[in-house]
Amino acid sequence: MNNPEKLLATLPKNKLGRKADLKIKFQLYRLIWLQRFAGIFDFSRGQLLNLNRGWALAIIVVIALGSTSIYAYASNDVLPGNQLYPLKIVLEKIEQNIAIDKTAKIANLEKVSSRRLREAVELSQKNSDSDKTKGAINEKIKNSIAIEVSNHEKVSDHIKNLSNDNEIKSSIEKAKKNDEREINYLNKIAEYAQENNDQEILDKANNAKEIIIKQEYKHKEGRMNKEATTTEEVTPSSDKEDQSFEPDKNETSTPFRQGDRERERQEKKEDR
Amino acid sequence: MRKNRGNFLPYYQQFKDKIYNYFLYRLGFDKPLAEDLTSEVFIKALKSFADFDESKKFQSWIYMIAHNHLVNHYKLAGRAIPLEPLENILSYIDKSAEEKYELERVLKIIDAMDETDREIIRFKFIDELSNNEIADLLEKEEGAIRTQMSRSLSKLREILNNN
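Cut-offs applied
Residues numbered from 1 in each chain as written. Chains lettered and ligands numbered in written order. Predicted model: local features only at pLDDT ≥ 70, side-chain atom pairs only at ≥ 80, totals over all residues. Helix = DSSP H or I, 4+ residues; strand = E, 2+ residues; numbered from the N terminus. Contact = placed C-beta atoms within 7 Å. Buried ≥ 20, exposed ≤ 12 C-beta atoms within 10 Å, placed from the backbone. Axes fitted to C-alpha atoms, helices over the stretch in contact; angles between N-to-C directions. Parallel < 35°, antiparallel > 145°, perpendicular 65-115°, else oblique. Nonpolar A, V, L, I, M, F, W, Y, C, P; charged D, E, K, R; others polar. Expected span 1.5 Å × (residues − 1). pLDDT = per-residue confidence, 0-100.

In this section: the overall build of chain A. Counting its regular elements, chain A contains 10 helices and zero strands. Ordered by position from N to C terminus, the α and β elements of chain A give α-α-α-α-α-α-α-α-α-α. Counted over contacts in chain A with a minimum sequence separation of 6, partners at least 24 positions apart contribute 57%.

So, on to the overall build of chain B. Each helix and strand counted, chain B has eight helices and zero strands in total. Put simply, chain B runs from its N terminus to its C terminus through helices and strands in the order α-α-α-α-α-α-α-α. Taking all 163 residues of chain B together, the buried fraction comes to 31%. Taking contacts inside chain B between residues at least 6 apart in sequence as the whole, the part at least 24 apart equals 57%.

Let us look at the packing of helix α6 (residues 102-124) of chain A against helix α8 (residues 165-195) of chain A. Residues and elements named next belong to chain A. In the contact formed by α6 and α8, the axes pass within 9 Å of each other and the chain directions differ by 10 degrees. Here α6 lies roughly parallel to α8, going by the angle between them. Judged by residue contacts, Thr103, Ile106, Ala107, Glu110, Ser113, Ser114, Leu117, Arg118, Ala120, Val121 and Ser124 of α6 engage Glu167, Ser171, Lys174, Ala175, Asn178, Arg181, Glu182, Tyr185, Leu186, Lys188, Ile189 and Tyr192 from α8. Its residues assigned to classes, the contact of α6 with α8 comprises 10 nonpolar, six polar and seven charged.

Here we come to the interface of chain B and chain A. Taken residue by residue, the interface counts 30 residues in chain B and 24 residues in chain A. Only α1 (8-26), α2 (31-47), α5 (97-112), α6 (115-126) and α8 (142-162) of chain B provide two or more residues apiece to the side of chain B that touches chain A. Ranked by the residues each element gives to the side of chain B that touches chain A, the list is headed by α1(B), at eight residues. Split by residue class, the side of chain B that touches chain A holds 18 nonpolar, five polar and seven charged.

With that settled, consider α2(B). Taking 1.5 Å per residue, 17 residues should reach 24 Å; α2(B) reaches 24 Å between its end C-alpha atoms and fits that length. Turning to α2(B), its buried residues are B:Ala34, B:Glu35, B:Leu37, B:Thr38, B:Ser39, B:Val41, B:Phe42, B:Ala45 and B:Leu46.

Let us look at the confidence of the model for chain B. The predicted model of chain B averages 84 in pLDDT, with 87% of residues at 70 or higher. In the predicted assembly, ipTM is 0.83 and pTM is 0.47.

Following this line, the structure appears as structure tokens:
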């Protein structure tokens, strides 16, 4: 044989199998990612800003945005007029939209309405000599009261649509606690309105309180009717009131509330 | 400054089949073993990628790692070369019985040659490297490789003609 080269040139050239190729690629990618993450956190070797600037920057931005969002959402210092306030509102809307069920929606609406009133109280406590600033604060207070009223109606509708007894009971209890808190805020806002002779805010605050009282009455009435129907089925002659929904003394601690409860009782007696 | 390992992947893509073939022909066409060693070589290369001098050819560097890995493979844990490597190789070749017989003769003679002749012929015909690439790999002048190649092929022809 004079030409072995020709024969050797015909030797088959094999390719790495697809499965083996993927396996190797996976191992290589794993190592590459491990190095990237190790580099980001390898402060001792000065890697953070030199070698993985893009990654480090991305992480810093995410952390900064995340912490800013958390601050905006959770801080009581972020009031209307603050640069982060729109972010707070957006986050609240997102939270409302992703609420998994009606009870979660109710809880969120109550939290937001209570938060708006607290913000209004904090705004009212800000000292301002400028009429322009005062006017802006008053507008924000009115807006907060309007949001509270709107949310209250939504809460009432959601509770009406609940079908599970336990959910109704739990939601009403939470609503009652929230109502109490909101009435305290509204009392403070009413005080502020009286001090500043702002009849419009006073009227709005009183109107909101009326709505809360009526709403609470509706909740109670709805529940009492439900209870009464159930009781009649067992003992038709029974005309007992649902003691569990009688307001306790702590709940009626505010003067405004006490007066309303008296009026409520009188109305009930007249009805009978 | 540490070299970005992400730059390693195009090299893997370019040389994966060559390194696989390198092992396949030197391990008697044991495919799973060739795949394992290929994987180990590229992982080793990736881990040492920071030390790779980019002014030099990646091919020479990866073949050097493969060669050292193969030597270690033979040494460590008493890993043996398959007893009948030629039969394995020939079973993958789609040729006539006569051609297979001729090829078997050639491969047997190559296996029996001394290491320098054997490796240079394998680099040329199995790994399909040019004289220049072999020179890079063995860190020799291209002219020296050309001379060595000529001598090795003459030896091969001589043995073939005498048998």
